[in-house]
Amino acid sequence: MFRIGGARIAKAGARSFGAKAQPPPSRLRNAVWATGSIVVGGLGYLYVTDASAGIHKYVSTPLMRQLDAEQAHQLAISSMKYGVSPVDRSTDDSVLEIELWGKRVTNPIGVAAGFDKNGEAIDALFGLGFGSVEIGSITPEPQQGNARPRIFRVEDSDAVINRMGLPNCGVASAGDRLRSRFWRLLASQSKQQGESVATLSSTVNRSAVEGRLLGVNVGKSKSSADDSFDDYVTGVQKLGPYADYVVINVSCPNVTNMKANGDVEVLERTVAAVMKARNGMGGEYRPPVVLKIGPDNDLQQLRVIAQVALDHRVDGIIATNTTRQRPGVIGVKEEGGLSGAPLRDMALATTREMYRLTQGKMAIVGCGGIRTAEDALAFARAGASCVQVYSSMTVDGPGKAREIKDGVVRLLKGRKWADVVGEDARRK
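Just so you know, these numbers come straight off a predicted model, no measurement behind them.

About the cut-offs
- Residues numbered from 1 in each chain as written.
- Predicted model: local features only at pLDDT ≥ 70, side-chain atom pairs only at ≥ 80, totals over all residues.
- Heavy atoms only, no water.
- Phe/Tyr/Trp six-rings, centres within 6.5 Å; stacked < 30°, edge-to-face > 60°.
- Helix = DSSP H or I, 4+ residues; strand = E, 2+ residues; numbered from the N terminus.
- Buried < 20%, exposed > 50% of the residue type's maximum accessible area, 1.4 Å probe, protein only.
- Pairing = 2+ DSSP bridges.
- Axes fitted to C-alpha atoms, helices over the stretch in contact; angles between N-to-C directions.
- Polar contact = N/O pair within 3.5 Å; in protein donor to acceptor, adjacent residues only side chain to side chain.
- Contact = heavy atoms within 4.5 Å.

K.L.:
Can you help me understand the packing of aromatic side chains in this one?
P.N.:
One pair of aromatic rings is described through two measures. These are the centre distance and the angle between the planes. As enumerated under the stated definition, the model contains four aromatic pairs in all. Relative to Y390, the ring of F115 has its centre 5.6 Å away and its plane inclined at 90 degrees; by these criteria the two rings are edge-to-face. Residue F115 is located in the loop between β3 (109-111) and α5 (122-127), and its partner Y390 is located in the loop between β13 (384-389) and α13 (391-396); the two are separated by 275 residues in the primary sequence. When the ring of F182 is compared with that of W183, the centres are 5.1 Å apart and the planes differ by 75 degrees; the resulting orientation is edge-to-face. Judged by its relative accessible area of 2%, F182 falls in the buried class.

In structure tokens form, the structure reads like this:
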């Protein structure tokens with residue numbers, strides 16, 4: 001038995017010893033797998049980091065909207081601040097190019113104030129393809145704003161109600177951030193282009209990005225007197241040197257001390273003081289001053305605003321801020337300023353009237369309820385030199401700028417954006 005078992009064992013061992021050895025993995029096969037993995041990974045990276053990719057509109061943005069509105073906003077800003085955001089890799093079509101306050105801008109689609117209150121995500125927003133980025137509102141001193149909760153989505157109307165109350169980091173902190181960013185980017189460009197920083201500083205936009213504009217929106221501190229204008233003067237003097245344009249926010253519906261919003265005398269004193277401060281700034285650079293108005297003014301009030309702007313040579317008007325009214329919104333009791341789709345018609349009507357009343361002598365910036373290329377062109381025909389979005393980006397995702405730009409190019413059919421600005425007025 002032992003011998004038989006041993007024989008069997010020996011035989012089995014012989015079979016094992018005599019089995020054909022497996023060849024080592026093919027180097028070619030490994031190379032193919034490695035190359036394929038790199039290609040797939042690279043394509044996946046390009047897709048996920050493309051602002052126009054459907055994953056942002058149909059997956060990441062809806063997921064963000066499961067969070068509290070203010071938490072989602074803070075997460076978006078933090079992600080952008082640390083470079084975790086997609087980009088628009090397409091080149092703007094030449095038909096979108098405009099000239100605004102003597103500067104070339106590659107496209108007329110901007111992001112409105114309120115999204116990046118403290119100027120923490122400027123470059124990420126430019127990376128999304130916006131032609132202009134407006135930060136703020138910024139007040140002389142830091143302030144917390146109103147109590148939470150203070151942002152509310154109106155889901156069935158694609159609208160937002162906010163009563164933020166201008167929370168921001170204050171002029172000193174914002175000024176340091178803007179100053180540091182400007183000189184850092186100029187130093188980098190100086191190395192690349194071989195020109196001195198001093199030479200570049202006298203020729204580049206304050207955005208430090210070719211073909212893009214950086215706006216700074218300044219407001220009043222909660223503790224300031226109703227009829228005061230010193231806060232606006234401080235904002236222009238401290239932040240104006242680093243802005244392609246400065247916006248005087250006299251129309252925020254979430255603060256109670258902006259008497260310039262409804263009192264003509266206070267408005268005129270405010271505008272006069274701001275323009276005097278701007279004109280008295282040292283150095284060669286003086287930023288354009290833009291007035292941001294609300295959508296709730298009647299025709300007589302708009303006439304007065306237009307005349308004040310013309311008399312004091314204001315450089316532009318943003319039409320409009322949010323509204324306390326609730327057009328088309330039913331059953332919502334939250335207080336605050338309404339933005340989004342329901343605001344569109346009010347903002348469009350105000351844009352049209354301001355263009356007519358100012359006789360096309362200053363830039364009108366359309367803002368309010370703009371979600372589609374058709375909306376953007378409607379504002380252009382009403383007289384808007386450029387437009388701004390905000391709420392629609394929180395609904396549709398970071399590809400909003402590219403979506404509107406591509407749509408506008410198709411609708412223009414070879415014409416230029418600049419050709420249709422004010423077209424409604426010319427037809428009459």
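K.L.:
What's the story with the sheet that holds strand β6 (residues 159-162) in this structure? I'm lost.
P.N.:
The pairing of strands in a sheet comes from backbone hydrogen bonds and takes either a parallel or an antiparallel form. The strand order across the open sheet formed by three strands is β5-β6-β11, and the pairing between neighbours is antiparallel. The open sheet is flanked by β5 (151-154) and β11 (337-340), the only strands paired with a single partner. Here the average twist between neighbouring strands, direction ignored, is 25 degrees. As paired strands, β6 and β11 are joined by four bridges and run antiparallel to one another. Note that in β11 the partner of V160 across the bridge is S339.

K.L.:
Would you mind showing me how to read the side chain of R402 here?
P.N.:
Residue placement: R402 occurs in helix α14 (residues 400-412). The class for R402 is buried, based on a relative accessible area of 5%. A polar side-chain atom of R402 sits 3.5 Å from the main-chain carbonyl oxygen of S90. Residues in contact with R402, not counting those within four places in the same chain, are S52, D88, S90, T91 and D92.

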